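# Residue-level structure breakdown
Here is how the chains run, residue by residue.
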Amino acid sequence: MTPKLKIAYSPCPNDTFVFDAWAHGRVPGAPRLDVTFADIDLTNGWAERDDTAYDVLKVSYAALPWILDRYALLPCGGALGRGCGPLVLTREPGAGEGASRAEGFEGLTGKTVAVPSERSTAYLLFRLWAADVVPGGVGNVVVMPFHEIMPAVRDGKVDAGLVIHEARFTYQNYGLHALADMGAHWEDTTGLPIPLGAIVARRSLGPDMLLRLADAARTSVRMAWDDPAASRPYVLEHAQEMDPKVADQHIGLYVNEFTADLGEAGYAAVRGLLTRAAAEGLVPPLGPDALAFP
């Protein structure tokens with residue numbers, strides 16, 4: 001029997017929704033999977049260190065410049081879209097809920113901001129936003145698991161927090177305010193969708209296997225759309241006590257046409273983000289064929 005491919009992705013509803021059919025052997029002809037659940041900061045680190053324990057990983061698009069010599073970007077299965085960007089939260093109202101305009105952000109100058117990972121796309125979007133609108137830049141950046149960020153802001157341990165995932169729907173429960181929407185700023189200034197999380201696989205698996213993986217991921221997404229009830233037990237099992245309505249909102253926001261296929265607009269968004277970040281000295285430059293598949 002063919003050995004299972006080792007895959008690592010998050011327990012968030014979008015990932016469990018996308019991979020449910022494949023992980024449970026319902027995708028015809030797909031390679032079998034051995035699944036590990038891990039936070040994006042861990043998977044980014046595993047990919048960068050070339051941890052040989054994993055064949056396929058969910059990583060941040062921001063991590064790609066450090067890993068594309070060894071991993072290929074799959075054109076499906078990830079998270080990229082519109083209206084789904086990270087938020088900067090504070091205890092007090094700022095420039096306006098979900099604001100992207102450049103006025104009113106002076107209060108963040110020199111402050112401490114908690115972020116989920118310095119290799120995350122959220123952090124890259126934050127750095128690009130801050131370079132545009134925060135005079136003098138922020139002060140200290142501290143990394144902490146994303147589920148700890150809102151309590152840290154609420155309790156005054158940090159001045160602001162960069163949040164992702166379902167925090168878009170729940171931050172008001174902590175008495176917090178959205179100072180700015182990184183995704184809105186990105187879309188306003190580029191017109192492109194927001195790249196967040198990517199699925200990558202080892203190039204050493206070979207072109208034929210990479211194509212099989214992409215087909216399996218795409219089929220798994222479409223099977224989830226065709227029968228959402230089939231994935232619900234898997235989603236809620238790993239949703240960390242999330243309200244089912246929030247889980248549904250999460251899936252609706254992060255699983256979209258770009259999950260089934262990046263397409264021209266998706267690839268343009270990825271190239272745009274990483275090219276701009278490289279120009280700012282935040283990531284290494286991409287080679288001309290770095291995003292080619294397979």
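Residues numbered from 1 in each chain as written. Predicted model: local features only at pLDDT ≥ 70, side-chain atom pairs only at ≥ 80, totals over all residues. Heavy atoms only, no water.

### Observations concerning the packing of aromatic side chains
Under the counting rule described, the total for this entry stands at 7 aromatic pairs. Seen in terms of ring centroids, Tyr 9 and Phe 37 are 5.5 Å apart; in terms of plane orientation they differ by 90°. Their pairing is edge-to-face. With Tyr 9 in strand S1 (residues 5-9) and Phe 37 in strand S2 (residues 33-37), this pair connects stretches of sequence that are 28 residues apart. Between Phe 37 and Tyr 234 the ring centres are 6.1 Å apart and the planes differ by 55°, which places this aromatic pair in the tilted class. With Phe 37 in strand S2 and Tyr 234 in helix H9 (residues 228-237), the pair connects residues that are 197 residues apart, well separated along the chain. You can call Phe 37 partly exposed: its relative accessible area is 31%. A network of ring pairs unites the aromatic residues Tyr 9, Phe 19, Trp 22, Phe 37 and Tyr 234 as a single cluster. Sitting above the plane of the Trp 66 ring, Arg 119 keeps its charged end 3.7 Å from the centroid. (Phe/Tyr/Trp six-rings, centres within 6.5 Å; stacked < 30°, edge-to-face > 60°. Helix = DSSP H or I, 4+ residues; strand = E, 2+ residues; numbered from the N terminus. Buried < 20%, exposed > 50% of the residue type's maximum accessible area, 1.4 Å probe, protein only. Lys NZ or Arg CZ within 6 Å of the ring centre and 35° of its normal.)

### Points about the sheet that holds strand S10 (residues 177-181)
Spatially, 5 strands are ordered S8-S7-S9-S6-S10 in an open sheet, and the strand pairing comes out mixed. Looking at strand neighbours, the two that pair on one side only are strand S8 (140-143) and S10, the edges of this open sheet. Neighbouring strand axes in the sheet, compared pairwise and without regard to direction, differ in orientation by 30° on average. Note that strand S6 (residues 87-90) and S10 share 4 bridges and pair antiparallel. (Pairing = 2+ DSSP bridges. Axes fitted to C-alpha atoms, helices over the stretch in contact; angles between N-to-C directions.)

### Focus: the confidence of the model for the protein
Across the protein, the average pLDDT comes to 91, with 96% of residues at 70 or higher. Contacts from residues 95-103, a stretch scored under 50 in pLDDT, to residues over four places away or in other chains number 22 contacts. (pLDDT = per-residue confidence, 0-100. Contact = heavy atoms within 4.5 Å.)

### Observations concerning the pairing of strand S3 (residues 56-60)
One face of the sheet, then the other: side chains in a regular strand alternate in exactly this way. By the criterion of burial, S3 is predominantly enclosed, with 5 of the 5 residues buried. Burial along S3 is two-sided: Val 56, Lys 58 and Ser 60 facing one way and Leu 57 and Val 59 facing the other are all buried. Across 2 bridges, the pairing between S1 and S3 is parallel. By the bridge assignment for S3, Ala 8 is matched with Leu 57.

### Notes on the packing of helix H7 (residues 182-190) against helix H12 (residues 263-279)
Where H7 contacts H12, the axes come no closer than 12 Å and their chain directions differ by 95°. Comparing the axis directions of H7 and H12 gives the class roughly perpendicular. The segment H7 lies against H12, with Trp 186, Thr 189 and Thr 190 engaging Ala 269, Gly 272, Leu 273 and Arg 276. Its residues assigned to classes, the contact of H7 with H12 shows 3 nonpolar, 3 polar and 1 charged. (Parallel < 35°, antiparallel > 145°, perpendicular 65-115°, else oblique. Nonpolar A, V, L, I, M, F, W, Y, C, P; charged D, E, K, R; others polar.)

### Quick notes on the pattern of salt bridges
Side chains that carry opposite charge are capable of pairing whenever their charged atoms lie near each other. For the coordinates displayed, the defined rule picks out 14 salt bridges. One salt bridge connects Asp 15 with Lys 58, and the closest N-O pair in it is separated by 2.6 Å. On the criterion of sequence distance, the pair formed by Asp 15 in helix H1 (residues 13-23) and Lys 58 in strand S3 is long-range, its members being 43 residues apart. Here Asp 69 makes a salt bridge to Arg 70, at a shortest N to O gap of 3.4 Å. Given a relative accessible area of 58%, Asp 69 falls into the exposed group. (Salt bridge = Lys/Arg side-chain N within 4 Å of Asp/Glu carboxyl O.)

### Points about the nonpolar core
Among the nonpolar cores identified, the biggest contains 59 residues, and Leu 57, Leu 64, Leu 73, Val 88 and Trp 129 are the most heavily contacted of them. Per element, the largest residue contribution to this core is 9 residues, and it comes from helix H4 (residues 121-133). Beyond its immediate stretch of four places on either side in the chain, Leu 73 contacts Tyr 61, Leu 64, Leu 68, Ala 198, Ile 199, Val 200, Leu 262, Tyr 267, Leu 291 and Phe 293. Counting residues in hydrophobic clusters, the runner-up holds 33 residues, among them Phe 17, Phe 19, Val 221 and Met 242. (Core = buried A, V, L, I, M, F, W, Y, C linked by side-chain atoms within 4.5 Å.)

### Observations concerning unusual backbone geometry
Residue Pro 294 is bonded to the preceding Phe 293 through a cis peptide linkage, with omega at -5°. In this fold, Pro 294 is placed in the segment after H12.

### Some words on the environment of Glu 187
Along the chain, Glu 187 turns up in helix H7. Taking C-alpha positions, Glu 187 is 9.8 Å from Ala 269, a pair spaced 82 residues apart along the chain. Among residues more than four places away in sequence, those in contact with Glu 187 are Arg 82, Gly 83, Leu 192 and Ile 194. Within polar-contact distance, the side chain of Glu 187 engages the backbone nitrogen of Gly 83 at 2.9 Å. (Polar contact = N/O pair within 3.5 Å; in protein donor to acceptor, adjacent residues only side chain to side chain.)

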